[in-house]
Amino acid sequence: MEWSTYELGVLFLPTAAIFFITAAVCLSVTRSVAAALTASLIKAGLFLFYFSMWFDGTYNLLDDFTYARESEALFAKGVGILTLGEDLPLLLATANGPHFLYYLYNVYAIHLFGAGYFAPVALNTILSVFIAYFGAGLAEREFGFIGALKKLFFLYLVLFPDLLAWSGLINDKDILVLFLHVVLLYGFSFWFQHRIVPALVLVISASFLLLFLRFYVPLFFSVAFAASMLVAGRGHRRLYWFVLSAVLIVLVLAGIGQARLDQALTTLQSELVNPAYGMIRFLLTPIPLNTTEATAYLDLPAAIHWLLIPFAVFGGYKIYQLKTPFSRFFLVYFMTFVGLYSMFGELQGPRHRVQLDFALAVFQFAGVLALVRDSRRAAAMPVEPGRQSA
């Protein structure tokens, strides 16, 4: 596989798929042709411009190239879900363990769009639109982003700078991880609303897939669930929910297996860093306009991320003020993952923060929304007699 641009004819199908799927989903949410066309042109245009004129390997990572190269070899051998039983030894050998799901994801991207580094990137770009779709629906259910606010938040997620960069340029599995984060969050939302069957379907399905992608994610969701029950539960119900979450943790640990847990603990112990420093590094890396040549594509997303930090903090406070079971769980979920990565120096780059982009978008949007509402409320207040300025 070469690091070079692709012909327009090769890129036509994935570009058209990105454009029309983005337009259809945007139109279904916003009911605005202008918004749908704008979002579609940006998503498809970025993909087409990058892979037809700019792509030369400068911005690529080591393992993204491995995913693309090895997946083409798996595709040539006819590996797929229907032959998973007989192909499993090959997948395990290719992935050096059970984390082979993203290789299969790449294989099916090749089936859809053809062989080339661009194929899984196109699929990630499309997946980012569905992250926005389900994320906006979740925000409507749990955070009060209804009506026009849902539409605005959906568009904010579709064009979220960090997601644009990571889904549109890099063959990165964190987009798929983020999608499964949103699915898990949706499942817990159903659970808190006592819709047990859809909750179990979503949580079990997403957790099963994550065991072959990033195994510790379901474990830390379970820990967050238990912790939120201790914080927000009341009386006997607190004990009931805590015991239930403890059972969930045990089930997840059983699914992970002793061998992988021992390996993870050994790795964690060897990479432990000061969590106070680690938290700052994880939340703020990279410094805008201070990136290397290989990560220069993150300069603009990083600058916007830094500018919105005060709004995100304020937005987190506004989410806390909702005081619903899900809002407490959501905050604990975010802090659980930040705490994990704060201690593990190897995973403190911006790449592993991608899986928390939905939470960061919620906090930023809630903060900006609250500030706008407070400003309008202050402007609408009548000036009391005797307090008029001279």
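Above this text sits the structure in question.
To keep things clear, this report deals only with the structure shown in the data block. If you're wondering where the values come from, they're calculated on a predicted model, not measured in any experiment. (Residues numbered from 1 in each chain as written. Predicted model: local features only at pLDDT ≥ 70, side-chain atom pairs only at ≥ 80, totals over all residues. Heavy atoms only, no water.)

**Structural notes on the overall build of the protein chain**
(1) Moving on: Scanning the protein chain for helices and strands turns up 18 helices and zero strands.
(2) Moving on: Within the protein chain, the fraction of its 390 residues that count as buried is 51%.
(3) Moving on: Sequence-distant contacts, at least 24 apart, represent 76% of the contacts inside the protein chain between residues at least 6 apart.
(4) Moving on: Total accessible area computed for the protein chain in this model is approximately 18,500 Å², and 69% of it derives from carbon and sulfur atoms. (Helix = DSSP H or I, 4+ residues; strand = E, 2+ residues; numbered from the N terminus. Buried < 20%, exposed > 50% of the residue type's maximum accessible area, 1.4 Å probe, protein only. Contact = heavy atoms within 4.5 Å. Areas by Shrake-Rupley, 256 points an atom, 1.4 Å probe, with all protein chains shown as cover.)

**A closer look at the environment of Ala-303**
(1) Moving on: When you line up the elements, Ala-303 lands in helix H15 (residues 299-307).
(2) Moving on: Relative accessible area serves as the criterion here: at 25%, Ala-303 is assigned to the partly exposed category.
(3) Moving on: Placed 14 residues apart in sequence, Ala-303 and Leu-289 show a C-alpha to C-alpha distance of 7.8 Å.

**A look at the nonpolar core**
Where a protein is soluble and globular, its nonpolar side chains tend to be buried together.
(1) Moving on: If you look at the biggest cluster of nonpolar residues, it comprises 117 residues, and the most contacted ones within it are Phe-51, Phe-153, Phe-329, Phe-330, Tyr-333 and Phe-358.
(2) Moving on: At 15 residues, the largest contribution of residues to this core is made by helix H9 (residues 174-192). (Core = buried A, V, L, I, M, F, W, Y, C linked by side-chain atoms within 4.5 Å.)

**Describing empty space enclosed by the protein**
(1) Moving on: Considering all chains together, one arrives at two cavities of 30 Å³ or more under this definition.
(2) Moving on: What the largest cavity holds in volume is close to 110 Å³.
(3) Moving on: Contributions of two or more residues to the lining of the largest cavity are made by helix H8 (161-169), H15 and helix H18 (357-380).
(4) Moving on: For the lining of the largest cavity, the leading source of residues is H15, giving four residues.
(5) Moving on: Here the lining of the largest cavity is composed, by residue class, of eleven nonpolar, two polar and three charged. (1 Å grid on protein atoms, 1.4 Å probe; cavity = no way out; pocket = protein on both sides within 12 Å on 5 of 7 lines; lining within 4 Å. Points joined across faces, edges and corners; volume = space filled by probe spheres on them. Nonpolar A, V, L, I, M, F, W, Y, C, P; charged D, E, K, R; others polar.)

**Regarding the environment of Leu-209**
(1) Moving on: By the secondary structure assignment, Leu-209 is in helix H10 (residues 196-210).
(2) Moving on: Judged by relative accessible area, Leu-209 falls into the partly exposed class, the value being 35%.
(3) Moving on: Sequence-wise, Leu-209 and His-99 are 110 residues apart; in three dimensions their C-alpha atoms are separated by 9.6 Å.
(4) Moving on: With residues up to four places along the chain from it excluded, the contact list for Leu-209 reads Leu-101 and Leu-180.

**Considering the side chain of Thr-30**
(1) Moving on: Here Thr-30 is to be found in helix H1 (residues 8-30).
(2) Moving on: There is a polar contact of 2.7 Å between the side chain of Thr-30 and the backbone oxygen of Cys-26.
(3) Moving on: Setting aside residues up to four positions removed in sequence, Thr-30 forms contacts with Ala-35, Lys-151, Phe-154 and Leu-155. (Polar contact = N/O pair within 3.5 Å; in protein donor to acceptor, adjacent residues only side chain to side chain.)

**As for helix H4 (residues 84-95)**
(1) Moving on: For H4, spanning twelve residues, the distance from its first C-alpha to its last is only 14 Å, which falls clearly below the expected 16 Å at 1.5 Å a residue.
(2) Moving on: Those residues of H4 that fall on the buried side of the exposure criterion are Asp-87, Leu-91, Thr-94 and Ala-95. An end-on view of H4 places all buried positions within 75° of arc, on one side of the element. Looking at H4, the residues exposed on the side facing more than 90 degrees away from the buried face are Gly-85, Glu-86, Pro-89 and Ala-93. (Expected span 1.5 Å × (residues − 1). Arc of directions from axis to C-beta.)

**Some thoughts on a nonpolar patch on the surface**
(1) Moving on: On the surface, a cluster of nonpolar side chains totalling about 360 Å² of accessible area is made up of Leu-27, Val-33, Leu-37 and Leu-41.
(2) Moving on: Residue contributions to the nonpolar patch peak at three residues, all from helix H2 (residues 33-54). (Patch = residues over 30% accessible without salt bridge, like charges linked within 9 Å, V, L, I, M, F, W, Y side chains within 5 Å. Salt bridge = Lys/Arg side-chain N within 4 Å of Asp/Glu carboxyl O.)

**With respect to H1**
(1) Moving on: With 23 residues, H1 should cover 33 Å at 1.5 Å per step; its first-to-last C-alpha distance of 31 Å lies within 8% of that length.
(2) Moving on: For H1, the principal kink sits at Pro-14 and spans about 30°.
(3) Moving on: One or two steps after H1, the chain reaches Arg-31, where phi turns positive at roughly 60°. (Bend = angle between axes of the 7 residues up to and from the residue.)

**So, the packing of H1 against helix H6 (residues 118-143)**
(1) Moving on: Following both chains from N to C, one finds H1 and H6 inclined at 0°, their axes separated by 10 Å at the closest point. Considering the angle they form, H1 stands roughly parallel to H6. Between H1, through Val-10, Leu-11, Pro-14, Ala-17, Ile-18, Ile-21, Thr-22, Val-25, Ser-28 and Val-29, and H6, the contact on the second element is made entirely by Phe-118, Ala-122, Thr-125, Ile-126, Val-129, Phe-130 and Tyr-133.
(2) Moving on: Tallied by class, the residues present in the contact of H1 with H6 amount to 14 nonpolar, three polar and no charged. (Axes fitted to C-alpha atoms, helices over the stretch in contact; angles between N-to-C directions. Parallel < 35°, antiparallel > 145°, perpendicular 65-115°, else oblique.)

**So, the pattern of salt bridges**
(1) Moving on: Per the counting criterion, the structure on display carries six salt bridges.
(2) Moving on: Asp-63 serves as the salt-bridge partner of Arg-351, at 2.7 Å between the closest nitrogen and oxygen. Of this pair, Arg-351 sits in the loop between helix H17 (325-343) and H18 while Asp-63 sits in helix H3 (residues 62-76), and the two are 288 residues apart along the sequence.
(3) Moving on: For Asp-63, a relative accessible area of 28% gives the class partly exposed.
(4) Moving on: With a shortest N-O distance of 3.2 Å, Lys-150 and Glu-140 are connected by a salt bridge. Residue Lys-150 is found in helix H7 (residues 148-158), and its partner Glu-140 is found in helix H6; the two are separated by ten residues along the sequence.

**A short note on the packing of H6 against H9**
When two helices pack together, their arrangement is given by the angle between the helix axes and the distance between those axes.
(1) Moving on: Contact geometry for H6 and H9: axes closest at 10 Å, N-to-C directions at 20°. One element, H6, and the other, H9, form an angle in the roughly parallel class. Judged by the twist between their axes, the crossing of H6 over H9 is left-handed. In this structure, H6 contributes Asn-124, Leu-127, Phe-130, Ile-131, Phe-134, Gly-135, Gly-137, Leu-138, Arg-141 and Glu-142 to the contact, and H9 contributes Ile-175, Leu-176, Leu-178, Phe-179, Val-182, Leu-185, Tyr-186, Ser-189 and Phe-190. (Left-handed = near helix turned anticlockwise from the far one by under 90°.)

So yeah, pure geometry; function would need other evidence.
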